[in-house]
Amino acid sequence: WPWSRAKVATMIENMATAGTVVIAFDVINTEEERNPVTQVLQGLEALSDDAKNELSTNIDAMDADQKMADMLQETDVTLGFLFTAEDIKRGSLPHTVVKADIDDISSLEAEEYESYVSNIAKLQDAAPGIGFINSSPDADGFIRRTSMIIKHEDKLYPSLALEAARLYALAEEVPVFTAQEGDKRSVTGLTVGRIKVKTDSKGKILIPFRGPQKSFPYISASDVYRNEISEELFESSVVFVGTSAVGHADLRSTPVGLQYPGVEIHANAFEGIMDPGLLHYKPDWSTGAVIIYLALIGFILSVLLPHLGPFKMVFV
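Residues numbered from 1 in each chain as written. Predicted model: local features only at pLDDT ≥ 70, side-chain atom pairs only at ≥ 80, totals over all residues. Heavy atoms only, no water.

**Focus: helix H4 (residues 64-74)**
- Every buried residue of H4 is accounted for by Ala64, Asp65, Met68, Ala69, Met71 and Leu72. With its buried residues spanning 165° around the axis, H4 presents them on a single face. Opposite the packed face of H4, turned more than 90 degrees from it, sit the exposed residues Gln73 and Glu74.
- Of the surrounding elements, those touching the buried residues of H4 are helix H1 (5-17), strand E2 (77-84) and helix H5 (121-126).
- Looking at where H4 begins, the residue whose side-chain oxygen comes 3.2 Å from the main-chain nitrogen of Asp65 is Asp63. (Buried < 20%, exposed > 50% of the residue type's maximum accessible area, 1.4 Å probe, protein only. Helix = DSSP H or I, 4+ residues; strand = E, 2+ residues; numbered from the N terminus. Arc of directions from axis to C-beta. Contact = heavy atoms within 4.5 Å. Polar contact = N/O pair within 3.5 Å; in protein donor to acceptor, adjacent residues only side chain to side chain.)

In structure tokens:
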């Protein structure tokens, strides 16, 4: 890695032929791939005009970015991008499909970023979907939750898992539901097709980890490129493409593993979206309910226990 995008286009074609429904890339294509014909023309000025003209006719045929873009238009693929706190904007962001039930989302409690690193326009314009790949670690550095939506310039954008779920559900938009809490507006949930997903006030869910690394089937990208794959495994599947190599720095600390591939985190989140029964949900009023419960039980016990003997007290 990095492979030529012509090889990635072949991977997409092989997966689609095998019956894959949605492909999600936990990879960002931030730079244009160099065209070898253009490099030869620029590097060898001594070439004759006839040779230059002959070479120029092959520029389009050797355009790897265009080959990948052509495959993106024929397959339900969502590309990944990254929101960042750094003062940088690279690549392009398309029109978002996430719609809140309010027009002004400035008071919404979702995570917010000003900058991003995204894909080159040729690929992004051709892809049916785009989703951010940001992680949401807790204070101890472990990833237990993931954001479904992030704010950027008064718009809401979906995560990679959420966008993959939208494409899988054949949904045009992802409605987001909110509720007023004081001077803030909190997120209560969202809908993917006919599936309702409850979230916390910031639009996050607890990731329903299936288990340790490789709880989902892992397939070598080389095998996919060589088309040495099982059509039975890929039929009607959703495939997440990413890395598990240590040198690529996409290994995360999670409750089920300290070096857990980030791409499998997205796979777990996707499964939770498609099967909300797996998601552990704590309503916003749970803290108040616990306080009332403890106060009520404490009051009853403080009145009752002084009038009981030791055996009845233990029983109560």
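**Re the sheet that holds strand E12 (residues 195-198)**
- Judged by pairing direction, the sheet is mixed, and its four strands sit side by side in the order E4-E10-E11-E12 without closing on themselves. A single partner strand is all that each edge strand has here, and the edge strands are strand E4 (98-100) and E12. Strand-to-strand twist across the sheet, computed as the mean angle between neighbouring axes with direction ignored, equals 30°.
- Two elements, E4 and strand E10 (residues 174-181), share three bridges in a ladder whose sense is parallel. By the bridge assignment for E10, Ala100 is matched with Val176.
- Across the face of the sheet, helix H6 (residues 160-168) comes into contact with E10 and strand E11 (184-192) while running at roughly 40° to E11. (Pairing = 2+ DSSP bridges. Axes fitted to C-alpha atoms, helices over the stretch in contact; angles between N-to-C directions.)

**What about the side chain of Thr146?**
- Within the secondary structure, Thr146 is located in strand E7 (residues 145-147).
- Exposure remark for Thr146: the relative accessible area of 10% places this residue in the buried category.
- Setting aside residues up to four positions removed in sequence, Thr146 forms contacts with Ser136, Gly203, Lys204, Ile205, Ile207 and Ala269.

**Concerning the pattern of salt bridges**
- As enumerated under the stated definition, the model contains twelve salt bridges in all.
- The partner of Asp138 in a salt bridge is Arg145, and the shortest N-O contact between them spans 3.1 Å.
- For Asp138, a relative accessible area of 23% puts it in the partly exposed group.
- Looking at Arg145, the relative accessible area reads 32%, which means it is partly exposed.
- For the salt bridge of Glu228 with Arg226, the shortest nitrogen-to-oxygen distance reads 3.5 Å.
- A single network of salt bridges, built from pairs that share partners, joins Asp138, Asp140, Arg144 and Arg145. (Salt bridge = Lys/Arg side-chain N within 4 Å of Asp/Glu carboxyl O.)

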